[in-house]
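An overview of the molecular structure
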Amino acid sequence: MARLSSGYLIPEIGLGVYLANGNEAYQAVLTALKHGYRHIDTASFYRNEAEVGRAIHDSGLPREDVFITTKVWNSDQGYENTLAACESSLNKLGTTFIDLYLIHAPVPETRKETYRALEKLVEERKVRSIGISNYNIHHIEELKTYAKIMPAVNQIELSPYLQRRSLVQYCQDNGIVLEAYSPLTRGEKLNDPPLVRIAQQHGKTTAQVLIKWCLKKGYVTLPKSVNESRIIQNFTVNDFDLSAEDMNVLDGLECGLMVAWNPLEWE
Ligand SMILES: NC(=O)c1ccc[n+]([C@@H]2O[C@H](COP(=O)([O-])OP(=O)(O)OC[C@H]3O[C@@H](n4cnc5c(N)ncnc54)[C@H](OP(=O)(O)O)[C@@H]3O)[C@@H](O)[C@H]2O)c1
């Protein structure tokens, strides 16, 4: 578990459910919770909040035991719109509170009012921790001029192939926990020879090495899978360690590979 600036704890591995349709997301969340996951990363944009909520309910786990993240989508931003979007997410998830509510991306015209709404939602106890996603340094510098509560996390794409070192350092200096999305490079680099060599040395898969790299960097990581054996595999990373030399090799793989999108360049 990592400690957020809000005081709450967050499990370091969360199941991502982007591109999992309703039924797939329902099954994936049930499966993940059965195998020990306690953190699910969804968004209104993913259109599976209702199924995620139903799976958490059907798992029989107490609500307090599962950490739920969801996000306000770009076209729902603005003060009143964000309050309404959160209400809609709460209804779909079937819960009275969201553990972590994020601004999905820094829309220039609306991000300030959106952040004000997030702070209001904390005051109303509908949301425990608030954060941002796809924010670059200049977006956070601006946010600092008006935020009453600093964001607990910044969720960005991170892997050995995209390390964003200055942004990472900046977030760490400001007490903002980093969440690594697309940590498996959506599969693109899973056969990369240097990564394969490290995985073979440890008798693990390349996906497990990528997840371990995130954890050793201190990032919360959000691998997505809808397949039971891969869901289990991605969570089974406590039985090996990466050496300083392994980490050096992995750190040397930086090549600016981006597999998702890049709102970090937005004005
Ligand atoms: N905030 C944002 O803007 C943003 C953007 C992108 C992603 N995210 C979040 O981050 C999560 C993860 O990112 P992502 O979905 O883009 O990509 P990812 O987790 O890097 O990769 C997912 C892909 O890898 C496959 N996979 C999973 N485990 C595997 C394994 N052990 N071996 C081989 N293949 C494996 C999955 O297929 P199967 O499902 O068939 O296993 C899927 O095709 C998302 O679901 C979402 O929650 C956030």
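For the structure, check the block above.
Below you will find a few notes about this structure. These numbers come from a predicted model, not from an experiment.

1. Here's the deal with the overall build of the protein
When you go through the protein residue by residue, the secondary structure sums to 10 helices and 10 strands. Here the C-alpha atoms of the protein give a radius of gyration of 18 Å, agreeing with the 18 Å that 2.2 N^0.38 yields for 267 residues. With respect to the three principal axes, the spread of C-alpha positions in the protein is 55 × 40 × 30 Å. Considering the protein as a whole, with its 267 residues, one finds that 46% of them fall into the buried category.

2. Looking at the sheet that holds strand β7 (residues 127–133)
One open sheet holds the eight strands; their spatial order is β3-β4-β5-β6-β7-β8-β9-β10, and the pairing between them is parallel. With one partner strand each, in any of the chains shown, β3 (15–16) and β10 (220–221) form the two edges of the open sheet. Here three bridges tie strand β4 (residues 39–41) to strand β5 (residues 67–72), and the two strands are oriented parallel to one another. Across the sheet, His 39 pairs through a bridge with Phe 67, a residue of β5. Of the strands in this sheet, β5, β6 (98–103) and β7 are in contact with helix α3 (residues 79–93), which crosses β5 at around 140°.

3. Examining the pairing of strand β9 (residues 177–181)
Of all five residues in β9, five are buried, a share of seventy percent or more. In β9, alternate side chains face the same way, and those of Val 177, Glu 179 and Tyr 181 on one face and Leu 178 and Ala 180 on the other are all buried. Summarising the sheet, strand β8 (residues 153–157) and β9 pair through five bridges and their orientation is parallel. Considered in β9, the bridge of Val 153 is made with Val 177.

4. Some points on unusual backbone geometry
Keep in mind that most residues, glycine aside, have a negative phi and that most peptide bonds are trans. Backbone geometry places Arg 47, a non-glycine residue, at a positive phi of 55°. The residue Arg 47 is located in the loop between β4 and α2 (49–58) in this model. On the basis of neighbour counts, which here come to 14 C-beta atoms within 10 Å, the residue Arg 47 falls in the partly exposed class. Backbone geometry at Ser 182 places phi at a positive 45°, although glycine is not the residue there. You can see Ser 182 is positioned in the loop between β9 and α7 (193–202).

5. A word on the pairing of β8
Across the five residues that make up β8, a large majority, five, are buried. Because side chains alternate across β8, one face comprises the buried residues Val 153, Gln 155 and Glu 157, and the other comprises Asn 154 and Ile 156, equally buried. Pairing of β7 with β8, which is carried by two bridges, proceeds in the parallel orientation. Pairing of Ile 132 across the sheet is with Asn 154, part of β8. Considered for its hand, the β-α-β crossover made up of β7, helix α5 (residues 137–144) and β8 is right-handed.

Thresholds applied
- Residues numbered from 1 in each chain as written.
- Predicted model: local features only at pLDDT ≥ 70, side-chain atom pairs only at ≥ 80, totals over all residues.
- Helix = DSSP H or I, 4+ residues; strand = E, 2+ residues; numbered from the N terminus.
- Rg over C-alpha atoms; globule rule 2.2 N^0.38 Å.
- Buried ≥ 20, exposed ≤ 12 C-beta atoms within 10 Å, placed from the backbone.
- Pairing = 2+ DSSP bridges.
- Contact = placed C-beta atoms within 7 Å.
- Axes fitted to C-alpha atoms, helices over the stretch in contact; angles between N-to-C directions.
- Right-handed = clockwise from strand over helix to strand, strands pointing away.

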